[in-house]
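Coordinate inspection notes
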Amino acid sequence: MIWKDTSKNVLIGIRMKNFVFCVVAPALFSLLSCTSKDSINKEYDIIAETIQLNELDSEMATVRDYVPRYANIAHRGTTYWAPEETESSWRWARHMGTDYLEADIQCSKDKVLLAVHDNNFSRTTDIDTAFGANFLKLRRRFYGSFKNADGTQHFSNEDIEEQIHFDSLLGFERNARDYYYAEILMLDAGKWFNDANAERARKNFASDGLATHLTIKSKEDKIVYSNGQYVSALRDLLAFASGQILKRDKDGRRVLGYEIKEEFHNMTLRQIRERPLEKRGTNLDGKHYDSNSRYMDFVSYDFENAYCNDTIACENLPGVYIEFKESSLQPLDIVALTYLLLDFEGWNIITKPSMEKDFFKSGNVNVGKTNGKVILQTFRLEALEMVENVFKGKIPMCYLIDDEPPVDWDPSHYFDDPQSATLVIDYAVKHKCHIIGPSIDGEPNNYPNRCHPWQQTLIHRAGMLLHAWSIDSKHQMMEGMDAMFTNRTDLTLEWLIKHNLRPKELTVPSAEALLDKLGY
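1. Concerning the packing of helix α2 (residues 37–50) against helix α16 (residues 453–461)
Axis separation between α2 and α16 bottoms out at 8 Å; the angle between their running directions is 10 degrees. The angle between the axes of α2 and α16 places the two elements in the roughly parallel class. Of α16, the residues touching α2 (which contributes N41, Y44, D45, A48, E49 and T50) are P453, W454, T457, L458 and R461. The residue inventory of the contact of α2 with α16, partitioned by class, reads five nonpolar, three polar and three charged.

Written out as structure tokens, the structure reads:
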């Protein structure tokens, strides 16, 4: 894949009224750089109306139209009012009335798909203190917790020690891929938020901090989960979007049993680890997607009995907006795993299309019942191409515009002039994207502004939607956006109602009062 434009004489043809100007691009950009930003944008407005670019075909346009216009996308649920990408943040966003719950996908060591932004858990959990010097003891407890039907330990002590040695060679870098999901559930994913946001802290965001202590002190090999907010699984996110919450015991700890998958019952940890590569990956539609020996997917979690109906009634049914992250930190079959999980849970419209057309019903969000229930997204070119290979453009896909250009893209200009923006859009159309996700400037995030009118024109001329990120203050909201990623669903919904993009009779609850109502 080569994106660097080495030509010094690129010509841009601009058709204006009844004649054509041919302008040498570098000279044009040099001239414009000497003028004011407003003048540059006016020139770019003219170019954007006429420059040639690829457009969505009719089949792609049909998939694009699965997505509601002027959608509110709850970025990580909220990063402002609650610990991001936890039950509390997504539950708050759903009750508030968002159209989509947005999440990032990572993968645990046992190949549980996680809904968490950072590949490293240090920022949003207590992993540094909870695991620390005690972690190998916790890992032994985890391997030892698997039992045979007669109650005896399944894996021998020698087998466990050999596997722990192998795990140690791989290292424990605080990354998602270093830990089994049961271990991850020992972490407190809410206390950090309270520590960082004293004015918005809430007692029930944090745990009692005893999970690792109770595990080590136990007289038997078992894992004790935390009892606060958790690093979520993707299956949790789908449950929250469907109106469910986590099932918890009397101590507030998650109820989620686990056991060895049936096909591994007669295998040692070493045999599991040394399986041939083709038996560790995922097969989909006759194609094999590789994994590697880091991932030990022998654990079956009882997600079927892990949820119950939300204790606070709410009829909103949002969709989910899923981001694929850095490919080098994930198993190579992560996109195929996502396809299969969505299929298993009834969220894959390729195999289970919906006849429902209404994005709202009786004043409630209904996106999660339509063909727009899932949108995929990525900043990464390699992930975009993997999504194309697996989903084949049949589910709405967004290419996000990063602060920095991808590898192999000419760093001298990236979506900041009509020529380079057209290259990006053409690439996205070619690889079956329906949406472009540019950043917007302004407080509080101060990202580069890639939502200028000329950029909007190019995106819309290609037949694509514009989903801007991240809209966290009222002065950032503007017409021309087809959807807004936001950490402040409360503010965004107020703006949509004010501008007649939501029914006037809708009311937006107080963010803090809603958290009170939900029990936080």
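So, next bit.
2. Details of unusual backbone geometry
Here E443 and P444 are connected by a cis peptide whose omega angle stands at 5 degrees. Looking at the secondary structure, you find P444 in the loop between β18 (435–437) and α16. Each neighbour pair has its own omega, and for W469 with S470 the value is -20 degrees, a cis peptide bond. Here S470 is to be found in the loop between β19 (465–468) and β20 (483–486).

3. Digging into the packing of aromatic side chains
For the structure on display, the rule yields 30 aromatic pairs. A network of ring pairs unites the aromatic residues F142, Y143, F146, F155, Y180, Y181, Y258, F298, Y301 and F303 as a single cluster. The ring of F166 has R273 sitting right over it, with the charged end atom 4.5 Å from the ring centre.

4. Focus: the pattern of salt bridges
Applying the stated rule across the entire model yields 39 salt bridges. For D167, the salt bridge is made with R139, and the minimal N-O distance between the two is 2.8 Å. Of this pair, D167 sits in helix α7 (residues 157–170) while R139 sits in helix α6 (residues 135–144), and the two are 28 residues apart along the sequence. R139 carries the same exposure label as D167, and that label is buried. Note that E162 and R273 form a salt bridge whose closest N and O atoms lie 4.0 Å from each other. Residue E162 is found in helix α7, and its partner R273 is found in helix α12 (residues 269–273); the two are separated by 111 residues along the sequence. On the accessibility criterion, E162 (31% relative accessible area) is partly exposed. Note on R273: relative accessible area 7%, which makes it buried. Linked by salt bridges that have partners in common, R76, E84, D118 and R123 make up one network.

What counts, and where the lines are drawn
- Residues numbered from 1 in each chain as written.
- Predicted model: local features only at pLDDT ≥ 70, side-chain atom pairs only at ≥ 80, totals over all residues.
- Heavy atoms only, no water.
- Axes fitted to C-alpha atoms, helices over the stretch in contact; angles between N-to-C directions.
- Helix = DSSP H or I, 4+ residues; strand = E, 2+ residues; numbered from the N terminus.
- Parallel < 35°, antiparallel > 145°, perpendicular 65-115°, else oblique.
- Contact = heavy atoms within 4.5 Å.
- Nonpolar A, V, L, I, M, F, W, Y, C, P; charged D, E, K, R; others polar.
- Phe/Tyr/Trp six-rings, centres within 6.5 Å; stacked < 30°, edge-to-face > 60°.
- Lys NZ or Arg CZ within 6 Å of the ring centre and 35° of its normal.
- Salt bridge = Lys/Arg side-chain N within 4 Å of Asp/Glu carboxyl O.
- Buried < 20%, exposed > 50% of the residue type's maximum accessible area, 1.4 Å probe, protein only.

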